[in-house]
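Remarks on the overall topology
Next come the chains, spelled out residue by residue.
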Amino acid sequence: MSGKRKKSDGQPRMVRRKDASKVFTDPVVDLMPESEQLKRLTELERKIDFYAEKAKHSLAPFQRSEELKEKRTLRLYISHVAVPNPTEDDAHSMKWSLRIEGRLLEKPNATYRRRDSKKKKFAGFIDNIHVEFDKEKLSQRDRLVEWTRTPASVDADGFEITRTCTLPITAKISVAFEQTPKRYKLNVILSKFLQIDSGTVVEVNNAVWEYIRSQDLRDDESPDVINCDAAMQEVFQVEKLKVHELGQRIQQCLLPPQRVEISHTIRHEDNAHNFGEDIYDVDLNVETLVTSNTFMEHASPALSDLDAKITEHIEALEVAKEKREFMLAFANNPQKFILTWVTAQVRDNEEATTLSSLHKAARQSAPFYEKWTEGAAFQYLSEVADEKAKKQLQHSNSNKTTTTTAA
């Protein structure tokens, strides 16, 4: 049965508070004089909310989450390798593998130690990756591959996709990198208004509030009302705007984060394993131990020196902690520790080998397609046949000798 939602539905209902001037009308005040005090309290609460919102936006540039960010370069390695894999339907079919890997480049003359990027693998920088191949070469199920980060995701050094078809084939790779805080792309009108293409929610809010303060757009009689000028009216499509509505209006002008689009062609290469590679550099914001606190820009050099010493001591403590854990694990059970450590090193070495799995396939199949394989196989079979003939001759001679002795 359709109709209004009742309380028995078990769903919370959104109740919007009415303005005090509309609730406490003159007839209500005449009937209940005590309501005048509640009306004044409501007005006071509204003013407190306004100044709290204003103070929050004023302090936003000094948030610590922005202080621990620094722009670094992530180098992407997109490579492929292919080996012949003829089938009954297609004699020119190739078994190929596409690998997407990356690593964070060291900054020249860097004297700090990254907080967590050293331990972070390539997948730790990815929020979503989407790969699409030519629909003429592969089926619908095989031509689309997508990976999205979840709380249960395990970081890896890269991604590998293996398929079988004829070459060449084009892969369209779309990558969305992890960003904390998340950066958004601005729509055309807001981007033109603020003269920026992208930014976090805090950065965009600060830019809008800076414009409001510079143009003195706040209403003198009602501080929680913003009188939009021609430029703001073009963006928000209203003449007046409440302070608590500004954040929602800005959110409507934000678009999904910009992705990195790469096109890579897998083709026959002029080398032993049909190996090809493309390299790209992407700028990312990475957490570091270097802080860019705005409050410290005008501090004395002595405070800066103390901050540098604290950073050095933190680094030394972290290194000492890692050494202690390493030695303690060895002291508790040396045999198990060495076995575990060697096994991990072997596994890491296999993962670090760029094309280990394909090289195994190459060692098993590729040599049989070389020109010399036919002669080598013929020689091997000839030696086997000669060996069998010698054994048969020796066996027949021994039988003849036995027959003569018996006679």
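Residue numbers here run from 1 along each chain, matching the order of that chain's written sequence. In view of the model being predicted, local features appear only for residues whose pLDDT reaches at least 70, and side-chain atom pairs are presented and counted only at 80 or more, with totals across whole chains, interfaces and linings using the full set of residues. Values shown for side chains rest on all heavy atoms present in the structure; no hydrogens or waters enter the calculation.

On to the overall build of the protein, then. Broken down by element type, the protein carries 13 helices and 13 strands. For every residue, the accessible area (1.4 Å probe, protein chains only) is compared with the maximum for its type, and the residue is labelled buried under 20%, exposed over 50%, or partly exposed between those bounds. Taking all 407 residues of the protein together, 27% fall into the buried category. Residue contacts are counted whenever heavy atoms from the two residues lie within 4.5 Å of one another. Considering only intrachain contacts with a sequence separation of at least 6, the fraction spanning at least 24 residues in the protein is 67%. A total accessible area of about 28800 Å² is found for the protein, and carbon and sulfur atoms account for 53% of it. Counting from the N terminus, the helices are the DSSP runs of H or I reaching at least four residues and the strands are the DSSP runs of E reaching at least two. Computed with a 1.4 Å probe, the accessible areas rest on the Shrake-Rupley method; for each residue, only the protein chains presented here act as cover.

Moving on to the nonpolar core. Within this scheme, the nonpolar core is defined by two criteria: the residues are buried Ala, Val, Leu, Ile, Met, Phe, Trp, Tyr or Cys, and they are joined through side-chain atoms within 4.5 Å. W96, V131 and F133 are the most contacted members of the largest nonpolar core, which has 31 residues in total. Sorting the residues of this core by element identifies β1 (69–84), β2 (94–104), β3 (126–133), β5 (158–165), β6 (169–177), β12 (260–266) and β13 (276–287) as the ones contributing at least two each. Those residues in contact with F133 that lie beyond four places of it in its chain are W96, L98, L138, D142, R143, I161, I169, T170, A171 and I266. Counting residues in hydrophobic clusters, the runner-up holds 23 residues, among them F50, V204, L217 and I250.

To continue, consider the packing of helix α7 (residues 201–215) against helix α9 (residues 243–252). The angle between two axes is taken between their N-to-C directions and runs from 0 to 180 degrees, where each axis is a line fitted to C-alpha atoms and a helix contributes only its stretch in contact. For the pair α7 and α9, interaxial distance at closest approach is 11 Å and the crossing angle is 125°. By the angle class used here, α7 and α9 are oblique. Handedness of the α7/α9 crossing: right-handed. Counted together, V201, V204, N205, V208, W209 and I212 of α7 and V243, L246, G247, I250 and Q251 of α9 form the full contact between these two elements. Note on residue classes: Ala, Val, Leu, Ile, Met, Phe, Trp, Tyr, Cys and Pro are nonpolar, Asp, Glu, Lys and Arg are charged, and everything else, Gly too, is polar. Residue classes in the contact of α7 with α9 are distributed as eight nonpolar, three polar and no charged. By definition in this entry, angles of less than 35 degrees are roughly parallel, angles greater than 145 are roughly antiparallel, angles of 65 to 115 are roughly perpendicular, and the rest are oblique. Rotating anticlockwise by less than a right angle from the far helix to the near helix defines a left-handed crossing, while the corresponding clockwise rotation defines a right-handed one.

With that settled, consider the pattern of salt bridges. Each salt bridge in this description consists of a side-chain nitrogen of Lys or Arg and a carboxyl oxygen of Asp or Glu lying within 4 Å of one another. Throughout the structure, instances matching the rule amount to 10 salt bridges. Between E43 and R46 there is a salt bridge; the shortest N-O distance is 2.5 Å. Of this pair, E43 and R46 both sit in helix α3 (residues 35–59), three residues apart, which is roughly one turn of that helix. Given a relative accessible area of 22%, E43 falls into the partly exposed group.

Glancing now at the sheet that holds strand β7 (residues 183–186). Note: strands within a sheet are paired through backbone hydrogen bonds, in either parallel or antiparallel orientation. Reading across the sheet, the three strands line up as β8-β7-β11 and stay open at both edges, with antiparallel pairing between neighbours. The open sheet terminates on both sides in strands that have one partner only, identified here as β8 (198–200) and β11 (254–255). Any two strands with at least two DSSP-identified bridges between them are counted as paired. One ladder, built from three bridges, connects β7 with β8; its direction is antiparallel. Counterpart to K185 in the pairing with β8 is S198. Here α7 sits on the sheet in contact with β7, β8 and β11, set at roughly 105° to β8.

Backbone torsion omega between L167 and P168 reads 5°, so that peptide bond is classified as cis. If you trace the backbone, P168 turns up in the loop between β5 and β6. Although it is not a glycine, Q195 adopts a positive phi angle of roughly 65°. The backbone of D216 sits at a positive phi, close to 50°, despite the residue not being glycine. Following the sequence through the fold, D216 ends up in the loop between α7 and β9 (225–227). D216 gets classed as exposed once you look at its relative accessible area, which sits at 56%.

A word on the packing of aromatic side chains. Side-chain rings of Phe, Tyr and Trp (the six-membered ring for Trp) are treated as a pair once their centres are within 6.5 Å; stacked means planes under 30 degrees apart, edge-to-face means over 60, and tilted covers the remaining angles. Applying the stated criterion across every chain, the model contains six aromatic pairs. Ring centres of F330 and F337 lie 5.7 Å apart, and the angle between their planes is 80°; this geometry places the pair in the edge-to-face category. F337 gets classed as buried once you look at its relative accessible area, which sits at 17%. Feature note: the residues F122, W147 and F159 constitute an aromatic cluster, connected by ring pairs.

Turning our attention to the sheet that holds strand β4 (residues 144–148). Ordered by their spatial adjacency, four strands build an open sheet running β4-β3-β6-β12, and the pairing between neighbours is antiparallel. Both outer strands of the open sheet, β4 and β12, are each paired with one neighbouring strand and no more. Shown here is a sheet whose adjacent strand axes are inclined to one another by a mean of 15°, direction ignored. As defined by bridge partners, β3 adjoins β4 across five bridges and the pair is classed as antiparallel.

For R163, the position within the fold is in strand β5. When charges are counted, neither His nor the chain ends are considered; positive counts come from Lys and Arg and negative counts from Asp and Glu. No salt bridge is formed by the buried R163, whose closest oppositely charged neighbour, D142, lies at an N-O distance of 4.3 Å. Pairs of N or O atoms are called polar contacts if they sit within 3.5 Å, as long as, within protein, a hydrogen donor faces a hydrogen acceptor (for residues adjacent in sequence, only side-chain-to-side-chain pairs). Here the side chain of R163 touches D142 through a polar contact of 2.9 Å, landing on its backbone oxygen. With sequence-adjacent residues up to four places away left out, R163 is seen in contact with M94, K95, W96, L138, D142 and V145.

The next point concerns the side chain of S93. On the secondary structure map, S93 appears in the loop between β1 and β2. S93 sits in the buried class, given a relative accessible area of 6%.

A cluster of nonpolar side chains, namely F326, M327, F330, I338, W341, V342 and V346, defines an oily patch on the protein surface of about 650 Å² accessible area. Taken together, the elements giving at least two residues each to the nonpolar patch come down to α10 (301–332) and α11 (334–352). For the nonpolar patch, the element with the most residues is α11, which contributes four residues. Its place among the elements puts I338 in helix α11. For patches, a residue must show more than 30% relative accessible area and have no salt bridge; joins then use 9 Å for like charges and 5 Å for nonpolar side chains, namely Val, Leu, Ile, Met, Phe, Trp and Tyr.

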